[in-house]
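# Residue-level structural notes
So you can see what is in the structure, the chains are spelled out below.
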Amino acid sequence: SLPAVDPDVAATAADIAEMEIRGAATIADAAAEALAKQAERSEAASPKEFRRQLRAAAKTLYETRPTAVSLPNALRYVLRGMSGETVSELRASTIARAEEFQVDLAQAQSKLGEIGSNRLRDGDVVMTHCHSTDALSCLEAAVEDGKEIEAIVKETRPRKQGHITARQLRELGVPVTLVVDNAARRYLDRADHVLVGADSIAADGSVINKVGTSGLAVNARERGVPVMVAAQTIKLHPDTMTGHTVEIEMRAEREVVSDEERADIAGEQSDDGLTVENPAFDVTPPRYVDAIVTERGQFPPESIVILMRELFGETTGEPWAP
Ligand code: RUB
């Protein structure tokens, strides 16, 4: 069994599980920082003990939410950079590697933003779903280039991440129309692009993102509105190259109905026959996606596997595997 983790690591894990820390890139950043904290605080007496502690921290962070591959990709990146013969060398290399990861993540996001902004023209209207820092980076770069952009922001039930998107777009000076999810198809008439992020991208180019993305993409295709996915390469899911499918997180029913509402729906009946399901993500097939924008350039979804092989070709196993 693995040793206990630093309280700060446990707190970060709890924040990810409860979505105080959320969104694939932000989760990855927090996970790298937590590993650095574990390294910094470690009082391990031997290199072996130090490695065991770091593996335990990685496992605790990994077990929070299953869908965003940026999390295991971040853990793997940091743990693979752990090197040295002594505890102090291991500590220093882990901390440096985590920092490098965080710097690269921020740089990749701004590079991706510049690339993605090339798809947006002056006067364009963009429809968003959920809250994606990668997607916002594209909008921010377009605004910085002096383009006038308007946004139609889907509320995104049940957690209303659309409110975060709306607030950040207003901070950029972008006019925002906030709509309930059910109004999306109606408002697609006014949109020049659908722009979303991703939690994972599979080898066949499928995009795993906030539930509702797939329906939005199908409707957008029907209306002729191009769908753009902003996703750093850390969102590429290496296991899908060998046929693994991405696990879709099922969250608590209380996010959808309160205990009171549930009792009200059940009425006189026993509530055994009432099921409330709350999948947090869904899968958009590649044929509904026009472009995946990464920090390495834009790709049609069907060709993303080439980039994936180049970047993750030899990646296998769990992030904390020795
Ligand atoms: C967040 C979500 C975001 C992606 C991309 O879901 O689906 O679109 O994580 O975000 P949740 P980013 O709110 O359940 O975490 O571009 O910031 O990585």
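Keep in mind that this is a model prediction, so the values were computed, not measured.

Here helix α3 (residues 47-62) contains 16 residues, and its C-alpha end-to-end distance of 22 Å stays within 8% of the 22 Å for a straight helix at 1.5 Å per residue. Listed in full, the buried residues belonging to α3 are Phe 50, Gln 53, Leu 54, Arg 55, Ala 56, Ala 57, Ala 58 and Leu 61. Packed against the buried residues of α3 are α1 (7-17), α2 (24-41), α4 (70-80) and α5 (87-117).

Bringing the site of the ligand into the picture now. Looking at the ligand, there are 18 residues lining it, with Arg 22, Ser 132, Thr 133, Asn 209 and Lys 210 nearest. Within the side chain of Arg 22, one N or O atom sits 2.5 Å away from an oxygen atom of the ligand. A distance of 2.8 Å is found between an oxygen atom of the ligand and a side-chain nitrogen or oxygen belonging to Asp 199. Expressed as a share of its isolated accessible area of 460 Å², the protein-covered part of the ligand is 100%. Its atoms largely coinciding with the cavity grid, the ligand occupies the largest cavity. Mapped by element, the contributors of at least two residues to the shell around the ligand are α2, α6 (133-144) and β6 (207-210). A class-by-class count of the residues in the shell around the ligand yields 6 nonpolar, 6 polar and 6 charged. Lining the shell around the ligand are residues from two domains, each supplying at least three of them: domain 1 (7-111) and domain 2 (113-245 + 279-312).

Turning our eyes to something else, we now look at the environment of Lys 147. Within the fold, Lys 147 resides in the loop between α6 and β2 (150-154). Apart from residues lying up to four places away in sequence, Lys 147 is in contact with Ser 117, Asn 118, Leu 120, Arg 121, Asp 122 and Ala 142. Within the local environment of Lys 147, its side chain forms a polar contact with the backbone oxygen of Leu 120, the two atoms lying 2.8 Å apart.

Right, let's get into the packing of α2 against α4. The interhelical angle for the contact between α2 and α4, taken along N-to-C directions, is 30°, at an axis separation of 8 Å. Considered as vectors, α2 and α4 are oriented roughly parallel to each other. Read as a crossing pair, α2 and α4 show a hand that is right-handed. On α4, the residues that touch Ala 24, Ala 25, Ile 27, Ala 28, Ala 31, Ala 32 and Leu 35 of α2 are Ser 70, Leu 71, Ala 74, Leu 75, Val 78 and Leu 79. Here the contact of α2 with α4 is built from residues that sort into 12 nonpolar, 1 polar and no charged.

This brings us to the pattern of salt bridges. In a structure, side chains of opposite charge can pair up when their charged atoms sit close to one another. Under the criterion given, the structure shown has 19 salt bridges. Notably, a salt bridge pairs Glu 255 with Arg 159, separated by 2.4 Å at the nearest N-O pair. On the criterion of sequence distance, the pair formed by Glu 255 in the loop between β7 (227-230) and α10 (259-266) and Arg 159 in the loop between β2 and α7 (162-171) is long-range, its members being 96 residues apart. Among the residues examined, Glu 255 registers a relative accessible area of 19% and is labelled buried. For Arg 159, a relative accessible area of 35% corresponds to the partly exposed category. If you follow the salt bridges from partner to partner, you end up with Arg 65, Arg 159, Glu 249, Arg 251 and Glu 255 in one network.

Attention shifts here to empty space enclosed by the protein. All chains considered together, the criterion is met by 4 cavities of 30 Å³ or more. Its boundaries defined by the atoms lining it, the largest cavity holds a volume of some 180 Å³. Looking at the largest cavity, it is lined by 20 residues, and the ones nearest its centre are Arg 22, Gly 23, Ala 24, His 131 and Asp 199. Where the lining of the largest cavity is concerned, the elements lending two or more residues are α2, α6 and β6. With 3 residues, the top contributor of residues to the lining of the largest cavity is α2. Grouping the constituent residues of the lining of the largest cavity by class yields 6 nonpolar, 8 polar and 6 charged. Counting contributing residues per domain, the lining of the largest cavity is built from domain 1 (7-111) and domain 2 (113-245 + 279-312), each supplying no fewer than three. Computed from the structure, the second largest cavity encloses a volume of approximately 50 Å³. In terms of lining, the second largest cavity is formed by Arg 157, Pro 158, Arg 159, Gln 161, Lys 210, Val 211, Arg 251, Glu 255, Asn 278, Pro 279 and Ala 280.

Quick notes on the rules
Counting of residues starts from 1 at the beginning of each chain's written sequence and follows it residue by residue. Residues qualify for local features only when their pLDDT is at least 70, as the model is predicted, and side-chain atom pairs are given and counted only at 80 or more; totals for whole chains, interfaces and linings, by contrast, use all residues. Where side-chain values are given, they derive from all heavy atoms of the structure, hydrogens and water being excluded. Strands are runs of DSSP state E lasting at least two residues, helices are runs of H or I lasting at least four, and both sets are numbered from the N terminus onward. The span expected for a helix works out to 1.5 Å for each residue beyond the first. Relative accessibility under 20% of the residue-type maximum defines a buried residue, over 50% an exposed one, and the middle range a partly exposed one, all with a 1.4 Å probe and only protein chains included. Any pair of residues with heavy atoms lying within 4.5 Å of one another is described as a contacting pair. Any residue with a heavy atom lying within 4 Å of a molecule or strand is counted as near it. Within 3.5 Å is the distance limit for a polar contact, defined as a pair of N or O atoms, with the added protein rule that one can donate a hydrogen and the other accept it, and that residues adjacent in sequence qualify only through two side-chain atoms. Accessible surface is estimated by sampling points in the Shrake-Rupley manner with a 1.4 Å probe; for residues, cover comes only from the protein chains shown. Of the two site types, the cavity is a set of points on a 1 Å grid over the protein atoms alone where a 1.4 Å probe fits but cannot get out, and the pocket is an open set with protein on both sides within 12 Å along at least five of seven lines, each lined by residues with an atom within 4 Å of a point. Any molecule with more than half of its atoms within 2 Å of a cavity's or pocket's grid points is counted as sitting in it. Each residue is assigned to one class: nonpolar for Ala, Val, Leu, Ile, Met, Phe, Trp, Tyr, Cys and Pro, charged for Asp, Glu, Lys and Arg, and polar for all the others, Gly among them. Domains are outlined according to an automatic or database domain assignment. In this analysis, axes come from line fits to C-alpha atoms, helices being fitted only over the stretch in contact, and the angle between any two N-to-C directions falls in the range 0 to 180 degrees. Working definition: roughly parallel below 35 degrees, roughly antiparallel above 145 degrees, roughly perpendicular at 65 to 115 degrees, and oblique for all remaining angles. A clockwise turn of the near helix away from the far one marks a right-handed crossing, whereas an anticlockwise turn of less than a right angle marks a left-handed crossing. Counted as salt bridges are all cases of a side-chain nitrogen of Lys or Arg within 4 Å of a carboxyl oxygen of Asp or Glu. Grid points are joined across faces, edges and corners, and a volume is the space filled by probe spheres set on the points.

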